[in-house]
Amino acid sequence: MLEPLRQGLPPLDPAAVSDAASCALPARYEAVGEARRFTRRTLDQWDMGDRFDDVCLVVSELVTNALRHGLPANNACAGGREPPVRLHLMRWTERLVCAVRDPSHDSPVARETDDFSAESGRGLFLVDSFSDSWGWHPLAGALNGKVVWALFRLPRTGSPHGE
C-alpha cells in the first residue's frame, strides 16, 4: 500500500493554471478509449500533440486502474448521479498534470513483478516510468474517494532545445 503522496504536485490554485479540461467517464472499459480521445483533442488544442504518446499511455493506465480497482462491485450509477470516474488535465507553464478521480478510499498498490510478459499488474510501473512523478491523495469535503495523478515537466517556452 502506498502512503498519500503530494510531493511534486503543483499548487492547485485555479488562478495559476494555464489551461484545464475535464471529462466524466462511464463505469465501463470503453471509457479508456474515450479518455484517450479526450486527451488527444485536449493536447491538440493546447498545441502539445508531441507529448501525446507518453501522456496517453499514462492516462490509459490511470483510467484502467480506476475502473478495475476504484469502483465498487456494483458499479452501476444511480440515475442522475455523476459518473464515478473523472479525468482532469491541467497545464501550468512548465508542467502538465493528469489526474483521475474515483470513488474508492483504497490507496493504489504497486505490484512487484519480474514477469514482464504478464498482461496486467504493471500499470503503476508504467506511470512511474513515463511521467516525471506521480502520487495520490484522498479527497475531502463533499467529494468522496481519491485522486491519482501524474506530472509531466514541459520545456520552457522560447528556450532553445527545451532547456
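Our subject is the structure that appears above.
Undergrad: Teacher, can you tell me more about helix α2 (residues 52-69) here?
TA: What sets the pattern is the α-helix's 3.6 residues per turn: residues three or four places apart point alike. Taking 1.5 Å of rise per residue, the 18 residues of α2 would be expected to cover 26 Å, and the 25 Å separating its terminal C-alpha atoms lies within 8% of that figure. Along α2, 13 of the 18 residues are buried, which leaves the element largely enclosed by surrounding structure.

Undergrad: Would you explain unusual backbone geometry in this entry?
TA: Not every positive phi belongs to a glycine, and Asp47 is a case in point at roughly 55°. For Asp47, the location among the structural elements is in the loop between α1 (31-45) and α2. Asp47 gets classed as exposed once you look at its relative accessible area, which sits at 70%.

Undergrad: Explanation requested: the pairing of strand β4 (residues 133-138) in the structure shown.
TA: The side chains of a regular strand alternate between both faces of the sheet. Counted residue by residue, β4 has five buried out of six residues, so it is predominantly covered. Relative to strand β5 (residues 146-153), β4 runs antiparallel, the two sharing six bridges. Each bridged residue has a counterpart across the sheet, and for His137 the counterpart in β5 is Val147.

Undergrad: Sorry, what's going on with the pattern of salt bridges here?
TA: Proximity of charged atoms lets side chains of opposite charge pair with each other. Scanning the entire structure with this criterion turns up five salt bridges. Note that Glu30 and Arg28 form a salt bridge whose closest N and O atoms lie 3.6 Å from each other. Overall, Arg28 belongs to the partly exposed group, its relative accessible area being 41%. Note that Glu34 and Arg28 form a salt bridge whose closest N and O atoms lie 3.3 Å from each other. What you see here is one network of salt bridges that share partners, running through Arg28, Glu30 and Glu34.

Undergrad: Quick question: what am I supposed to make of the packing of aromatic side chains here?
TA: What describes a pair of aromatic rings is the distance from one ring centre to the other and the angle between the planes of the rings. The final tally for this structure, using the stated rule, is zero aromatic pairs. Its guanidinium or amino end placed over the ring of Phe52, Arg40 lies 3.7 Å from that ring's centre, counting from NZ or CZ.

Undergrad: What am I meant to see in the sheet that holds β5 here?
TA: Hydrogen bonds along the backbone pair up the strands of a sheet, which may run parallel or antiparallel. With antiparallel pairing, five strands are arranged side by side in an open sheet as β1-β2-β3-β5-β4. Lying at the two open borders of the sheet, with one neighbouring strand each, are β1 (19-25) and β4. Averaged over all adjacent pairs, the angle separating strand axes in this sheet is 15°, with direction ignored. Where strand β2 (residues 85-91) and strand β3 (residues 95-102) come together, six bridges link them in antiparallel fashion. Within β3, the position partnered with His88 by the bridge is Ala99. Where α2 meets the sheet, its contacts fall on β1, β2, β3 and β5, and the angle it forms with β3 comes to roughly 15°.

Undergrad: Sorry, what's going on with the packing of α2 against helix α3 (residues 123-130) here?
TA: The packing of two helices is summarised by the inter-axis angle and the distance between the axes. In contact at an axis separation of 9 Å, α2 and α3 are set at 150° when each is read in the N-to-C sense. The orientation of α2 with respect to α3, classified from their angle, is roughly antiparallel. As α2 packs across α3, the resulting crossing turns out to be left-handed. When α2 is examined against α3, the residues Asp54, Leu57, Val58, Glu61, Leu62 and Asn65 are found in contact with a partner set consisting of Gly123, Leu124, Leu126, Val127 and Phe130. The residue makeup of the contact of α2 with α3, split by class, is seven nonpolar, two polar and two charged.

Calculation criteria
Residues numbered from 1 in each chain as written. Predicted model: local features only at pLDDT ≥ 70, side-chain atom pairs only at ≥ 80, totals over all residues. Heavy atoms only, no water. Helix = DSSP H or I, 4+ residues; strand = E, 2+ residues; numbered from the N terminus. Expected span 1.5 Å × (residues − 1). Buried < 20%, exposed > 50% of the residue type's maximum accessible area, 1.4 Å probe, protein only. Pairing = 2+ DSSP bridges. Salt bridge = Lys/Arg side-chain N within 4 Å of Asp/Glu carboxyl O. Phe/Tyr/Trp six-rings, centres within 6.5 Å; stacked < 30°, edge-to-face > 60°. Lys NZ or Arg CZ within 6 Å of the ring centre and 35° of its normal. Axes fitted to C-alpha atoms, helices over the stretch in contact; angles between N-to-C directions. Contact = heavy atoms within 4.5 Å. Parallel < 35°, antiparallel > 145°, perpendicular 65-115°, else oblique. Left-handed = near helix turned anticlockwise from the far one by under 90°. Nonpolar A, V, L, I, M, F, W, Y, C, P; charged D, E, K, R; others polar.

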